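Examining the three-dimensional arrangement
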Amino acid sequence: MLMAGVGLISCSSSETSEITVVPYPNHIEVTSGKYDVRNQPVSCDAQADEKTQRLAESFSSQLAMITGGENALTIDPTPAKSGIRFVVDTLQPAEGYALAINRSGIELRASQFNGFLYGVQTLKQLLPVEIFGSKEAAAANWTVPCLNINDAPRFAYRGMHLDVSRHFFSLDEVKRYIDMMVLHKLNALHWHLTDDQGWRIEIKKYPRLTEVGATRKGTVIRKEWGNYDNIPYGGFYTQDEIREIVKYAEENGISVIPEIDLPGHMLAALAAYPQLGCTGGPYEVWGRWGVSDDVLCAGKENSFKFIEDVLTEVMELFPSKYIHIGGDECPKVRWEKCPKCQARIRQLGLKGNGKYSKEHFLQSYVTERVGKFLAAHDRIVIGWDEILEGQAPQDAVIMSWRGSEGGVVAAQNGHDVIMTPNTNFYFDHYQSLDTGAEPFAIGGYLPVEKVYAYNIDFPELNDEQKKHILGVQANLWTEYVKTNEHLEYMLLPRLDALSEVQWTEFENKDYNRFITNFRMHEIYDIMGYNYAKHIFAVTATYTTDTDRRAVMVEFNTQGNAPIHYTLDGSEPTEKSPLYTAPVALTGDCVVKATTIRKNLETPVYSREFKFTKATARKATLNTKPTEKYNYGGVATLTDGYYGKDGYTNGSWVGFLNEPMDVTIDMEGEESYSSVSVLADLCFGEWIFGPKNIQVLTSEDGEQFTEAGSITTDTEQENCRNGVRSYTVEFPATSARYLRVVANPVNLIPAWHGAKGKKAHMFIGEISVE
């Protein structure tokens, strides 16, 4: 939802390239001159509210302490003519501000506290980075450029999510998280407080929720399903602590939106109160990740009493107009067999419609009933996009996480929408393809540039429907994020890219400007934040040159920093070859590259290539991959790189409802007798390996004969997750055309929580020997 009232056209002056504010202002004009802030008085309009006056006091005190000068604050009934002025301007948008700097002073105009808060953040970023510190830095150049900024956010909702159920974070750590949000002009913290792995909020009426539900007996070790550390893990927030966080956030312009996930993801609550489940238990707080079949019983009135009692206490703690009730990943297997749930279905006259079962409509009943309860208390329900499966209440806000498609459909149907697609905004995914050098993560690949690239201007929506897009949010799930240091590493600097998606108008976004001028890391260093350094490191793109049978490598990095590389696996130094043009790879090698930067150590880029008889040959895909998982297309299958676990890291090609069917022109040059197909399996995300693989050969590319085939174990319950290689052997041949067909699992097997659904298949390298 656009915040109207500000001209949203950036000045074309070359001087704006020196402005390094994140998120970038929507209208900026640099004029001539500088203004020195040392020993300048600070005045605040007497019409400003108490929070704004406290903000002005905090800024003036910080400025005086850091510069070593005097910046006394006065509260003035009429605006001063010089110095640094905070002026109430009722014509400014709710979160907008105007910042004018000239040789006689600085004037910050806003209509409300949040506008002043964001203006101060912009002003601080224009000052030397020492302003963010706690030590005097009188020797710094305390001047700011003369300019005019008129700014307001593109979207009214600018959120960041924090999961404290899978791993718990202390009050101080949550406040630190809020501080990082303030720096980037976000205004909503989505606090995921309950899940199968732990209940984290004190509810007075149900003390066992924290006495029992807050602690699990142990936690699964990485992805070694069935292998636990057997160390009790827990923690929760008292109601007083909740109030403390809500107040801290409110003082910083942030609304805290609590999530009580229901009716699924409720195993911690069921462990405390087993009578709320369909089977009656016994239940345990889960020590593993994924989706439990055990959910709240929708056939029992006690379940609804429990929900309403809990939400009543939640509403007393959180003044937010939004309450998030989850609604995601709720298996229906218990409801299908539960007499009480089936009786409720009959009582309500619920029926399936071919697309959704009657149990889906039972969840719609739960959502609608809870939504009406919240509406009676002047609150608005938010749910994940699964609540669209059946019939969502018309006033429900949809949080679209399974891509953007659900959000688009919701907006077309008149729902307000918050976009949080896992393709661009799941910050628990890896930031680098070199996962071995990264903290262990759930998988995937989400670099800064992919966060930044998200475009919310959907052509299938008309102007009225686009108004339903309230904003954008990123999610930080913490299954594998155990410490605050790791939390910050996963957040920064992707939060910078997110903030420009949320704040900066699309026509004013520019990734080259963003990355070239980036200096937020200097602020992070002063504030002691841990952050990933990949945006300063070397990146690479690859293409296959089938005429030369070579893989071509192009290196890139931020700015004009020199890149040095090696091809033998040795660590690159300043004495290593300097990159000046694309490099041709024609055999097995380990590529490493680095850039030398002053006072900043960056990760070394590394990728290993293994050439087989199929590498860099001409290949044709005879079937169509899933559009959003196509990545490099057919070249990905023969580029010599054997992808690591993480199906969204760009080294895999995804298929749904289609086999992978590829023809490779072997040119009749060499004899071969085996084909290996690499697949990435992630059962928790409905990704299976190929059900069977067929290898065929031909001399003319038209008539093919089967050379060999295998059936895999991918449908077996004991099949392991991760990267698997499947090999088909056959009598040696030198046939010119080789065709490889990998057939997916048609329907997910009965042992899986998503039984009967379609399974995805992700294929990487095809090797031929």
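That block above? That's the structure.
Just so it is clear, the structure is predicted and the values come from calculations on it, not from any experiment. (Residues numbered from 1 in each chain as written. Predicted model: local features only at pLDDT ≥ 70, side-chain atom pairs only at ≥ 80, totals over all residues. Heavy atoms only, no water.)

1. Topic: the overall build of the chain
- Per the secondary structure count, the chain includes 18 helices and 34 strands.
- Taken over C-alpha atoms, the radius of gyration comes to 28 Å for the chain, in line with the 27 Å a tight globule of 769 residues would show.
- Reported as C-alpha extents along the three principal axes, the dimensions of the chain are approximately 90 × 75 × 50 Å.
- With 769 residues in all, the chain has 60% of them scored as buried.
- Long-range pairs, those at least 24 residues apart, make up 72% of the contacts in the chain between residues at least 6 apart in sequence.
- The average position of the 74 basic charges and that of the 101 acidic charges among the side chains of the chain differ by 3 Å. (Helix = DSSP H or I, 4+ residues; strand = E, 2+ residues; numbered from the N terminus. Rg over C-alpha atoms; globule rule 2.2 N^0.38 Å. Buried < 20%, exposed > 50% of the residue type's maximum accessible area, 1.4 Å probe, protein only. Contact = heavy atoms within 4.5 Å. Lys, Arg positive; Asp, Glu negative; His and termini not counted. Charge placed at Lys NZ, Arg CZ, Asp CG, Glu CD.)

2. Description of the packing of aromatic side chains
- Applying the stated rule across the entire model yields 37 aromatic pairs.
- Taking 5.2 Å as the distance between ring centres and 75 degrees as the angle between the ring planes, the aromatic pair formed by phenylalanine 440 and tyrosine 480 counts as edge-to-face. One end of the pair, phenylalanine 440, is in the loop between α12 (422–425) and α13 (448–452); the other, tyrosine 480, is in the loop between β19 (469–474) and α15 (484–491), with 40 residues separating them in the sequence.
- Among the aromatic residues, ring-to-ring pairing joins Tyr452, Tyr511, Phe514, Phe518 and Phe536 into one connected group.
- Over the aromatic face of tyrosine 531 sits the side chain of lysine 533, whose NZ or CZ is 4.6 Å from the ring centroid. (Phe/Tyr/Trp six-rings, centres within 6.5 Å; stacked < 30°, edge-to-face > 60°. Lys NZ or Arg CZ within 6 Å of the ring centre and 35° of its normal.)

3. So, the pattern of salt bridges
- For the coordinates displayed, the defined rule picks out 36 salt bridges.
- It is possible to trace a salt-bridge network through shared partners that takes in Arg85, Asp89, Glu107 and Arg109. (Salt bridge = Lys/Arg side-chain N within 4 Å of Asp/Glu carboxyl O.)

4. Digging into the side chain of histidine 167
- Along the chain, histidine 167 falls in the loop between β8 (157–163) and α3 (171–183).
- Classification of histidine 167 by relative accessible area gives buried; the value is 3%.
- Polar side-chain contacts of histidine 167 include one of 2.7 Å to the backbone oxygen of threonine 478.
- A distance of 3.4 Å separates a polar side-chain atom of histidine 167 from the backbone oxygen of glutamate 479. (Polar contact = N/O pair within 3.5 Å; in protein donor to acceptor, adjacent residues only side chain to side chain.)

5. What about the sheet that holds strand β21 (residues 550–556)?
- Overall, antiparallel pairing links the three strands, which are arranged β20-β21-β23 in an open sheet. The strands lining the two open edges of the sheet, one partner per strand, are β20 (539–545) and β23 (583–585). Pairwise comparison of adjacent strand axes, ignoring direction, gives a mean angle of 30 degrees for this sheet.
- Judged from the three bridges that link them, β21 and β23 form a sheet pairing that is antiparallel. Among the inter-strand pairings, valine 551 is bridged to a residue of β23, identified as leucine 585. (Pairing = 2+ DSSP bridges. Axes fitted to C-alpha atoms, helices over the stretch in contact; angles between N-to-C directions.)

6. Looking at the sheet that holds strand β17 (residues 397–400)
- One closed barrel accounts for eight strands, arranged β8-β9-β14-β15-β16-β17-β18-β19; its pairing is parallel. Mean inter-strand twist for the sheet, computed between neighbouring axes without regard to direction, equals 30 degrees.
- Taken together, the five bridges between β8 and strand β9 (residues 188–192) define a ladder with parallel strand orientation. Within β9, the residue paired with histidine 161 across the bridge is histidine 190.

7. Some words on helix α2 (residues 113–126)
- Along its 14 residues, α2 runs 20 Å from first to last C-alpha, staying within 8% of the 20 Å computed at 1.5 Å per residue.
- Of all the 14 residues making up α2, 14 are buried; the element is thus mostly covered by neighbouring parts of the structure. (Expected span 1.5 Å × (residues − 1).)

8. A closer look at the state of the cysteines
- Taken as a whole and assessed by the stated rule, the structure comprises zero disulfides.
- Here cysteine 682 stays free of any disulfide, with the sulfur of cysteine 719 as its closest cysteine sulfur at 12 Å.
- Overall, the relative accessible area of 15% leaves cysteine 682 in the buried class.
- The class for cysteine 719 is buried, based on a relative accessible area of 7%. (Disulfide = S-S within 2.5 Å.)

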